[in-house]
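Residue-level listing of the chains:
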Amino acid sequence: MTPFLRRRRDGRGPAPGKPTSDNRSSPISQRTACPALRHNDSHDLRAPYGRHHRPAGGAAPALGHHRRHRPRRPEVRGAPDAPAPDPGPYADNLLARWSEPQRHYHTVEHLAAVLTRIDELAGHADDLPVVQLAAWFHDAVYRPDRSENEERSAALAERALPELGIGAARTAEVARLVRLTTTHEPAPDDPDGEVLCDADLAVLGGPPDAYAAYAAAVRAEYAFVPDPDFAAGRAAVLRQLLALPHLFRTPQGYDRFEHLARRNLATELDLLGGG
């Protein structure tokens, strides 16, 4: 068993959560073609892994797309002569992490939504496959009672991707993008960071009922925090977001989400008594 596949046994947070879902019925397995850790084919995640093959030119496992949004079939290239590992167990490992019971918002559904938004913003990205890989890993480690989730998720990518034959430079870029989701403040010359951050924050610019469901799910993840403490901490986060000159950095993301996101954030802040 490779080091990545030895899952940590301490990955569950203290908050009561819904039971771990069966990955076969998840939005990823139902609606997404080959996920981040699969070869460049278009079979469903649960398809027999014996059908996988290594693409010409030594391509490492490619990222998949939502079946409704398949602008192109990207590849993440590794060493040409490296043996092709079976990416299936890696994908299953990631889906199991995204299905842990302490999660209410940071779930497989969130992952599916982020991948869909990345597809929609794909024209802004420099290296779309790397952005998609970063999405798969960006909340792969998530415990609401810990503050180093992004760092641990990046470290997970740094262990897993080399095992899959992905080169050092691209592995480092995936890890950098994962760490960027700590602040969601990409530099102006970082289009891949802008795409990932806009996709991750797109929930803020949803319809009011969808935003309310998001806020309730976040509260459920922090059920172990007393109401006054949660309200104070959440209000501080909302003020920090509202103080940013721009929540969304891609032109499409800004035009589509910025105005409604600011209205949603301000409404939640008022409801918390911090407006």
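One can find the structure itself at the top, above this paragraph.
Residues numbered from 1 in each chain as written. Predicted model: local features only at pLDDT ≥ 70, side-chain atom pairs only at ≥ 80, totals over all residues. Heavy atoms only, no water.

**Student:** Please explain the layout of surface pockets as it appears in this structure.
**Tutor:** Over the atoms rolls a probe the size of a water molecule, and in doing so it shows where empty space is left. As a volume, the largest pocket reaches approximately 980 Å³. For the largest pocket, the lining is made up of 31 residues, of which Glu150, Thr182, His184, Tyr222 and Val237 are closest to its centre. At the level of elements, helix H5 (149–163), helix H7 (191–201), helix H8 (208–221) and helix H9 (227–243) are the ones that each hand at least two residues to the lining of the largest pocket. Broken down by element, the residue count for the lining of the largest pocket peaks at seven residues, all from H9. Of the residues belonging to the lining of the largest pocket, the class tally is 13 nonpolar, 11 polar and seven charged. Its volume calculated, the second largest pocket comes out at about 250 Å³. Along the wall of the second largest pocket there are 17 residues; nearest its centre are Arg117, Ala202, Val203, Gly206 and Ala210. Looking at the lining of the second largest pocket, the elements that each hand over two or more residues are helix H3 (108–120), H7, H8 and helix H10 (251–271). The biggest single contributor to the lining of the second largest pocket is H3, with four residues. Among the residues forming the lining of the second largest pocket, the class breakdown is 11 nonpolar, three polar and three charged. (1 Å grid on protein atoms, 1.4 Å probe; cavity = no way out; pocket = protein on both sides within 12 Å on 5 of 7 lines; lining within 4 Å. Points joined across faces, edges and corners; volume = space filled by probe spheres on them. Helix = DSSP H or I, 4+ residues; strand = E, 2+ residues; numbered from the N terminus. Nonpolar A, V, L, I, M, F, W, Y, C, P; charged D, E, K, R; others polar.)

**Student:** Please explain the environment of glutamate 173 as it appears in this structure.
**Tutor:** The topology assignment puts glutamate 173 in helix H6 (residues 168–180). Taking the C-alpha atoms as reference points, glutamate 173 and aspartate 127, 46 residues apart in sequence, are found 9.9 Å from one another. Leave out the neighbours within four places in its chain, and glutamate 173 touches Val130 and Asp192. (Contact = heavy atoms within 4.5 Å.)

**Student:** What should I look at first to understand the packing of aromatic side chains in this one?
**Tutor:** What describes a pair of aromatic rings is the distance from one ring centre to the other and the angle between the planes of the rings. Scanning the model with the defined rule gives five aromatic pairs in all. Both rings, one in tyrosine 222 and one in phenylalanine 230, keep their centres 6.2 Å apart while their planes meet at 45°; by these two values the pair is tilted. Of the residues examined, phenylalanine 230 reaches a relative accessible area of 12% and is grouped as buried. When the ring of phenylalanine 248 is compared with that of phenylalanine 257, the centres are 5.4 Å apart and the planes differ by 40°; the resulting orientation is tilted. Ring pairing ties together the aromatic residues Tyr105, Tyr211 and Tyr214, which thus form one cluster. The ring of tryptophan 98 carries arginine 103 above its face, with NZ or CZ at 5.2 Å from the centroid. (Phe/Tyr/Trp six-rings, centres within 6.5 Å; stacked < 30°, edge-to-face > 60°. Buried < 20%, exposed > 50% of the residue type's maximum accessible area, 1.4 Å probe, protein only. Lys NZ or Arg CZ within 6 Å of the ring centre and 35° of its normal.)

**Student:** Where do I start with the nonpolar core in this structure?
**Tutor:** Where a protein is soluble and globular, its nonpolar side chains tend to be buried together. Core analysis: the biggest nonpolar cluster contains 38 residues, and Ile118, Phe137 and Val174 have the highest contact counts within it. Elements with a contribution of two residues or more to this core: helix H2 (88–98), H3, helix H4 (128–137), H5, H6 and H7. Sort the elements by how many residues they give to this core and H4 lands first, with eight residues. Ala202, Tyr211, Tyr214 and Val218 belong to the second-largest nonpolar core, a separate cluster that totals 21 residues. (Core = buried A, V, L, I, M, F, W, Y, C linked by side-chain atoms within 4.5 Å.)

**Student:** Explain H5 here, please?
**Tutor:** It helps to recall that an α-helix has 3.6 residues per turn; residues three or four apart then point in one direction. With 15 residues, H5 ought to run about 21 Å at 1.5 Å a step, and its terminal C-alpha atoms sit 22 Å apart, in line with that. Turning to H5, its buried residues are Asn149, Glu150, Arg152, Ser153, Ala154, Leu156, Ala157, Ala160 and Leu161. Elements that come into contact with the buried residues of H5 comprise H2, H4 and H6. Glycine 165 lies just past H5 and shows a positive phi near 85°. (Expected span 1.5 Å × (residues − 1).)

**Student:** Got a minute to help me understand the side chain of aspartate 192 in this structure?
**Tutor:** Position of aspartate 192 among the secondary structure elements: in helix H7. For the buried residue aspartate 192, which engages in no salt bridge, the nearest side chain bearing the opposite charge is arginine 176, 5.9 Å off. Polar contacts involving the side chain of aspartate 192 include one to the main-chain amide nitrogen of aspartate 127, which spans 3.1 Å. With residues up to four places along the chain from it excluded, the contact list for aspartate 192 reads Ala125, Asp126, Asp127, Val131, Glu173 and Leu177. (Lys, Arg positive; Asp, Glu negative; His and termini not counted. Salt bridge = Lys/Arg side-chain N within 4 Å of Asp/Glu carboxyl O. Polar contact = N/O pair within 3.5 Å; in protein donor to acceptor, adjacent residues only side chain to side chain.)

That is the geometry; function is a separate question.
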